[in-house]
Amino acid sequence: MTDASVLLPFEPRPSERDSTHLGEAMAAYASEARTGELISLRARREVTPLEIDERSYPQLREEISRSILAAATPHRLDRLFPGDPQQLLRPHGGVSFGSGAAGVLWTLAEVGTEVPTELVDWLEGAVFRMEGPGPGLVDGLGGIALALDRLGRVDAARRLWETLEEVPLAGLGTELDGGLPGLGLALLERAPFDDGDALLDRVCMIADELTTRLDPQGRALLRPGVLHGGAGVALFLLHVYEITADKRLLAHVETALRRDLALLGWAPFAEPGAPALWRQRPYFGVGSAGVGMVVHEAMNYIDAPWLYQARESIAAACEQHVSSHPGLFHGWAGTLVALQYLRSRPWDPPSDRLSVISPHLERLGAATARIPFIGADAHRPSADLGSGAAGVLIALDQLLGGGDRRMPLFW
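As the structure is a prediction and not an experimental result, all values here were calculated from the model.

Asks: Where do I start with the pattern of salt bridges in this structure?
Replies: A side chain with one charge can pair with a side chain of the opposite charge if their charged atoms come near. Inspection of the entire model under this criterion finds 16 salt bridges. Note that Glu209 and Arg213 form a salt bridge whose closest N and O atoms lie 3.1 Å from each other. Of the residues examined, Arg213 reaches a relative accessible area of 25% and is grouped as partly exposed. A salt bridge links Glu319 to Arg343; the nearest nitrogen and oxygen atoms lie 3.1 Å apart. With Glu319 in helix H16 (residues 305-320) and Arg343 in helix H17 (residues 332-343), this residue pair connects regions lying 24 residues apart in the sequence.

Asks: Before we go on, may I ask you to explain unusual backbone geometry in this structure?
Replies: Of note, the bond from Ala191 into Pro192 is cis; its omega dihedral lies within 30 degrees of zero at 0 degrees. On the secondary structure map, Pro192 appears in the loop between helix H10 (180-189) and helix H11 (196-212). One non-glycine residue, Ala245, adopts positive backbone phi at about 60 degrees. Summarising the element assignment, Ala245 is placed in the loop between helix H12 (230-244) and helix H13 (248-263). Look at Leu409: it is not a glycine, yet its phi comes out positive at around 80 degrees. Within the fold, Leu409 resides in the segment after helix H19 (389-400).

Asks: Quick question: what am I supposed to make of the packing of aromatic side chains here?
Replies: Each aromatic ring pair is characterised by the separation of its centres together with the angle its planes make. Under the definition given, this model contains 7 aromatic pairs. Geometrically, the ring pair formed by Trp266 and Phe269 is edge-to-face, given 5.3 Å between the ring centres and 70 degrees between the ring planes. Members of the aromatic cluster, connected to one another through ring pairs, are Phe284, Phe329, Tyr341 and Phe410. Seen from the ring of Phe128, Arg159 lies directly overhead, with NZ or CZ sitting 3.9 Å from the centre.

So, how was this worked out
Residues numbered from 1 in each chain as written. Predicted model: local features only at pLDDT ≥ 70, side-chain atom pairs only at ≥ 80, totals over all residues. Heavy atoms only, no water. Salt bridge = Lys/Arg side-chain N within 4 Å of Asp/Glu carboxyl O. Buried < 20%, exposed > 50% of the residue type's maximum accessible area, 1.4 Å probe, protein only. Helix = DSSP H or I, 4+ residues; strand = E, 2+ residues; numbered from the N terminus. Phe/Tyr/Trp six-rings, centres within 6.5 Å; stacked < 30°, edge-to-face > 60°. Lys NZ or Arg CZ within 6 Å of the ring centre and 35° of its normal.

Dropping the structure here:
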């Protein structure tokens, strides 16, 4: 890493200024730095920044994977891994893709870690003990089925897919988290499958049901972001458009994205005086970062100047505001994935892709002595995909790993 500069203070919060959380040197810099000031920590010699690149990443990947597996509790029935409060708030949070075992085990398999049979047995057993699970990708059967397929439990996954094929669409919402877009994305990611025509018919039925809910103003969309808002709708419809070339879908994509940008307070579409949440919350799952990624995808098919303007605004926000929390859905892991996604191209040399996010990784390493993973932060001893170590792991694999990169929701 050649550039030792770190952009501080990245939307400082009281907890970030706490010397017990950051370390004395970083706390001092945060208190004296102006927003946007570039500080060379290495030049001042008060902090030894974390060195991480594509060569050193495999060792870090192994450390994070070991820390996750060490936290497993297969003797418990309620959950396999520690997680954030979503495990308690959601009916099946300890098993689900977003906050439970399915997402953690899927992540380990995706990054090449051998998953012990005992843990896969736990997931399969837990699914069939669940009462009344919904079809959701993040919080229900859709994501669990994907994880079981990925883990080699094809027969168990097939039973879940058969259930999902019979789910009445009229009762599902418009959010990706637990509703129509998430179910559609899960089906599109399904592999293996026996009947491609039937699968496509089901996906198109979901798209039809979804588009009937959207008026020209997108008023059915009440919250912004990939998980809960218009970006999730647009992401699914873009995938369907790529398969069907049905241009009518693109108008709905525009409606959904414009609605999200308005709810996030982006000036061209927002009400006068609305807070600029797109700048304050550049998060992957519940803020503007994920919206920017979908905007970027939409630019492949829609020629509209506002898409370019929105992408650039959100990319700038991701550069300037990086949370101290490590989460994928609402922390630095997802923000840096979005930043690299928006500021580089998949075919760029690894060194160029790394240069986009290396100052931010260095800042995080300097603040915590290492990239935070389970056990590194007593306030967030979580292994889950949405907010914990699994999310950090899959994000780092996207940022630093080689070969095909696999990001949840953006398959």
